[in-house]
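One letter stands for each residue in the lines below.
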Amino acid sequence: MRKAFSAFIFSLLLAPFAAAVPGAVHCAHILDVRSGEIRDDQIIVFAADGTISSVGPAKSAALPPNVAPVEAAGTCLPGLIDVHTHLTGNPEDSGYAGLGVSVPREAINGVKNARRTLHAGFTSVRNVGASGFTDVALRDAVNAGDVEGPRMLVSGPALGITGGHCDDNLLPFEYHHVAEGVADGPWAARAKVREVVKYGADLIKVCASGGVLSKGDLPGTPQYTLEELQAIVEEAHKLGRKVAAHAHGTQSIKDAIRAGIDSVEHSSLIDDEGIALAKQHGTYLVFDIYNDDFILQEGAKAGMLPESIEKEKKLGRLQRESFRRAFKAGAKIAFGTDAGVYPHGDNAKQFATMVEWGMQPLDAIRAATLNAAELMGWSGKVGALEPGYFADIIAVEGKSPLADVTVLQKVQFVMKGGAVVRNDPAAQK
Ligand SMILES: [Zn+2]
């Protein structure tokens, strides 16, 4: 009895992180991301478990007893989703500076960055790469209500070949330093999948090709072989985990898709055959096309290696052109930014880049809601404001983010699971 009571008190203390009581939000306008319609004067009612029970005109809303709706100024839309983040990493720890960051410090970075991300309107993220299973700890702390942050799916350390993008190549041989996710050969890679699942990974991240922010490799060249990728995918899927493959290079993108991976990350040098394969296999493509601006303007100051800046100069524009071609061709695209390479909380800056490179605002918003939810396996839970979905709601100023996607950079209301995270109509981030 006493135990139940103290649990009740505890749940009250956690009120900022979990609803626990029914409630409602009054929105001056709602953007229905499925139809693209804007509806005026709407009320969203949610149950004690934080899921939506009804959405409709304010005048006919059936409010639960003693519930007064929270006022959300501007236009409401579903909480945003970023499918490519590194919440435990900071841009200022790029290059050699990163060697001085301990695993416990990385976990503490995650606490700060999870809060920033949530307050910027991103109520769900897929975190694809972290050291020491700091992402698993962060996810669990958020779920327990100990830390403020978005809903998370996490990968643990990314799998990669010796000397590849997901190894750590900064120190000379005598230090014998190898990144946690390194595994060479199909069976070693299978064992590594089992290991990261054992320690709490929700999905598998694998480095199929070289990368930009790694020393001594080339983004366009393959790293894992088709045979290794097939082994990883088979093992992961058998264990009920999806696979996200870092792949800039043309061949690696195709190898990854043929191996059956669920999303290609970066997708920079995808060719028409790769796009056709992605469509045929239903593979999601993720293009982190905003962070090019940050890397070229701020990367050197942040400690990125000169070779990384040179690689980005060659790759950035090609990636944006690939994004435009893939979208035009009808490939499935989910919103992912590589936050951590650039400052957390700036995730929404990518919407404007996506519109500049060929998407309509509604397409870009769908990439960060309906599409991202599907890739995460969370359709029906997040990414829309409909009965049964979590009451993950944001609001932005004005009558419609479809007129100007940059309003998404200045989110003024955030609710996660029926609990208000922030409500500041005057907020200009
Ligand atoms: Zn990344």
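Our subject is the structure that appears above.
Residues numbered from 1 in each chain as written. Predicted model: local features only at pLDDT ≥ 70, side-chain atom pairs only at ≥ 80, totals over all residues. Heavy atoms only, no water.

Novice: Describe in detail the coordination of the zinc ion, supporting the description with residues and values.
Specialist: Coordination of the zinc ion by the protein comes from H84 (NE2), H86 (NE2) and D338 (OD), over a distance range of 2.1 to 2.3 Å. By relative accessible area, which is 17% here, H86 ends up buried. (Donors = N, O, S within 2.8 Å, 3.2 Å for Na, K, Ca; no water. Buried < 20%, exposed > 50% of the residue type's maximum accessible area, 1.4 Å probe, protein only.)

Novice: Describe in detail unusual backbone geometry, supporting the description with residues and values.
Specialist: Unusually for a residue other than glycine, H176 sits at a positive phi of about 50 degrees. Residues other than glycine seldom take positive phi values, yet D338 does so here, at roughly 70 degrees. Along the chain, D338 turns up in the loop between β12 (333-334) and α10 (349-356). (Helix = DSSP H or I, 4+ residues; strand = E, 2+ residues; numbered from the N terminus.)

Novice: Which residues make up the state of the cysteines, and what values go with them?
Specialist: The full count for this structure, using the stated rule, is two disulfides. Shown here is the disulfide that connects C27 with C76, its sulfur atoms set 2.1 Å apart. Measuring the twist about the S-S bond at about -90 degrees, one finds the C27-C76 disulfide to be left-handed. Within this pair, whereas C27 is found in strand β1 (residues 23-31), its partner C76 is found in strand β4 (residues 70-78), the two being separated by 49 residues in sequence. For C76, a relative accessible area of 0% gives the class buried. Numbered in order of appearance, the disulfide-bonded cysteines of the protein chain are paired 1-2, 3-4. (Disulfide = S-S within 2.5 Å.)

Novice: Kindly report on helix α5 (residues 226-238), identifying the contributing residues and their values.
Specialist: Its 13 residues place the ends of α5 18 Å apart at the C-alpha level, agreeing with the 18 Å of an ideal helix rising 1.5 Å per residue. Where the residues of α5 are buried, they touch α4 (186-198), β8 (203-207), β9 (242-247) and α6 (250-259). G240 sits one or two residues past α5 and shows a positive phi near 80 degrees. (Expected span 1.5 Å × (residues − 1). Contact = heavy atoms within 4.5 Å.)

Novice: Explain the packing of aromatic side chains to me, and be specific about the residues and the numbers.
Specialist: Counted by the stated rule, this structure contains five aromatic pairs. Both rings, one in F287 and one in F323, keep their centres 5.5 Å apart while their planes meet at 75 degrees; by these two values the pair is edge-to-face. You can see F287 sitting in the loop between β11 (284-286) and α8 (291-298) and its partner F323 sitting in helix α9 (residues 306-329), a full 36 residues away along the chain. F323 shares its class with F287; the two are buried. (Phe/Tyr/Trp six-rings, centres within 6.5 Å; stacked < 30°, edge-to-face > 60°.)

Novice: Tell me about the sheet that holds strand β6 (residues 122-127), and please be specific about residues and values.
Specialist: Read across the sheet, three strands follow the order β5-β6-β7 without closing on themselves; strand pairing throughout is parallel. Across the chains shown, the open sheet's two edge strands, defined by having one partner strand only, are β5 (80-85) and β7 (151-154). Pairwise comparison of adjacent strand axes, ignoring direction, gives a mean angle of 15 degrees for this sheet. In the sheet, β5 pairs with β6 via four bridges, with the strands oriented parallel. (Pairing = 2+ DSSP bridges. Axes fitted to C-alpha atoms, helices over the stretch in contact; angles between N-to-C directions.)

Honestly, that's just the spatial picture; any functional story needs more than this.
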